[in-house]
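Tertiary structure, described
What follows is each chain in one-letter form.
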Amino acid sequence: MHDPDYRPETVLDTARRVLATEAAALALMADAPPADFAPAVERILAMRGRVVVAGIGKSGHVGRKISATLASTGTPSLFVHAAEASHGDLGMIGNEDIVLLISNSGETAELGDILAYTRRFSIPVIGISSRAGSTLMRAADMRLLLPEAPEACHIGMAPTTSTTMTLALGDALAVALMEARGFAAEDFRDFHPGGKLGAQMSRVEQLMHGEAALPLVDPDTPMSQALLVMTSKGFGIAAVVAEDGRLQGIVTDGDLRRNMTGLLERNAGQIATRDPVTVGPDTLAAAALGLMNARKISVLLVVDEDRHPLGVLHIHDCLRAGVA
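Residues numbered from 1 in each chain as written. Predicted model: local features only at pLDDT ≥ 70, side-chain atom pairs only at ≥ 80, totals over all residues. Heavy atoms only, no water.

**Digging into unusual backbone geometry**
Formally: Starting at the N terminus, helices and strands are each numbered in turn, a helix being any DSSP run of H or I of at least four residues and a strand any DSSP run of E of at least two. Exposure categories follow from relative accessible area, calculated using a 1.4 Å probe and restricted to protein chains: below 20% of the type maximum is buried, above 50% is exposed, and the middle band is partly exposed.
Notably, Ser 122 is not glycine yet its phi reads approximately 55 degrees, a positive angle. Within the fold, Ser 122 resides in the loop between helix H5 (112-120) and strand S4 (125-129). A positive phi is found at Asp 275, a non-glycine position, where the angle reads about 50 degrees. Along the chain, Asp 275 turns up in the loop between strand S9 (273-274) and strand S10 (278-279). We classify Asp 275 as exposed; its relative accessible area is 63%.

Put into structure tokens, the structure is as follows:
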């Protein structure tokens, strides 16, 4: 069943109204973030335990997401169901933790036992609510007050704008903590080793073939022997290294084609391309793949700071690992 006055064209009007209403609320909060936002970040940075997030209903669903985002970005966190807390799960909250309680009204009865527990054992509480004078906000040590903004539904009751603001505020906390910790892409990969994201965050040293696979020749190596090395190692290149082990150049299939005349009468040093493109072992595999695509090459030598070859990376290594 639906409203007899319903018209399909009104759907887009509704979408625009909802999105505009919620966007306006976010803009309002961006212009004036909660006064205790910075103190809350500082308190979390100084804690030795975890951020324990709790809520009920829609606030609980949002709280789960906030907790997951914190945990995946360097801030230890867990979600405790407010109702289950009263039946034993309060034991999940330690004296070194900080509790983040979410309730739009600030009067959610199910949060009462958690709030009482934190007061009894002097565990810091960060409250998120839209009512400054509520029970939650009066008891909280740090208050993240949501600005006054209407819910986006036409009856003004379904949690819409309020949950969007809460979710965005949780993201703001997580990102602020990330930046304060100096949390980098490499750290992010440690928490996301699976799937495509993990592959894109892989470093070259994790995918490259090691020193045993390197096709190394010295500058005086006759090209007849250099060709055997190129063939036996299977990468279509030969790395030309000096007596001190530093990379001098590289012989590729393209170099062979450009020097066909008298090729076997020359040595590797005469044929090699000087100062070839290389990467370090800490380079992200996605960046290495981008470099290969940009330079239209299929192989990269991996070198240390002194240009000693450490390994070799083939474009197929990246593709097999899911880096694309």
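There's plenty left to go through after this.
**A few points about the packing of aromatic side chains**
Which entries qualify depends on this criterion: For Phe, Tyr and Trp, rings pair up if their centres lie within 6.5 Å, where Trp contributes its six-membered ring, and each pair is then called stacked (planes under 30 degrees apart), edge-to-face (over 60) or tilted (otherwise).
Tallied over the entire structure, the rule returns 1 aromatic pair. Centroid distance Tyr 117 to Phe 121: 4.9 Å. Interplanar angle 55 degrees. Geometry classified as tilted.

**Structural notes on the pattern of salt bridges**
Opposite charge on two side chains permits pairing when their charged atoms draw close. The following threshold applies: Counted as salt bridges are all cases of a side-chain nitrogen of Lys or Arg within 4 Å of a carboxyl oxygen of Asp or Glu.
Within this structure, the stated rule accounts for 9 salt bridges. A salt bridge links Arg 48 to Glu 96, with the shortest nitrogen-to-oxygen separation between them at 3.8 Å. Of this pair, Arg 48 sits in the loop between helix H2 (37-46) and strand S1 (51-55) while Glu 96 sits in the loop between helix H4 (82-85) and strand S3 (98-102), and the two are 48 residues apart along the sequence. With a relative accessible area of 43%, Glu 96 lands in the partly exposed category. Close ionic contact of Arg 119 with Asp 141 constitutes a salt bridge, the shortest N to O distance being 3.0 Å. Taken together, the positions of Arg 119 in helix H5 and Asp 141 in the loop between helix H6 (135-139) and strand S5 (142-145) put the pair 22 residues apart, joining distant regions of the chain. Given the relative accessible area of 33%, Arg 119 is considered partly exposed.

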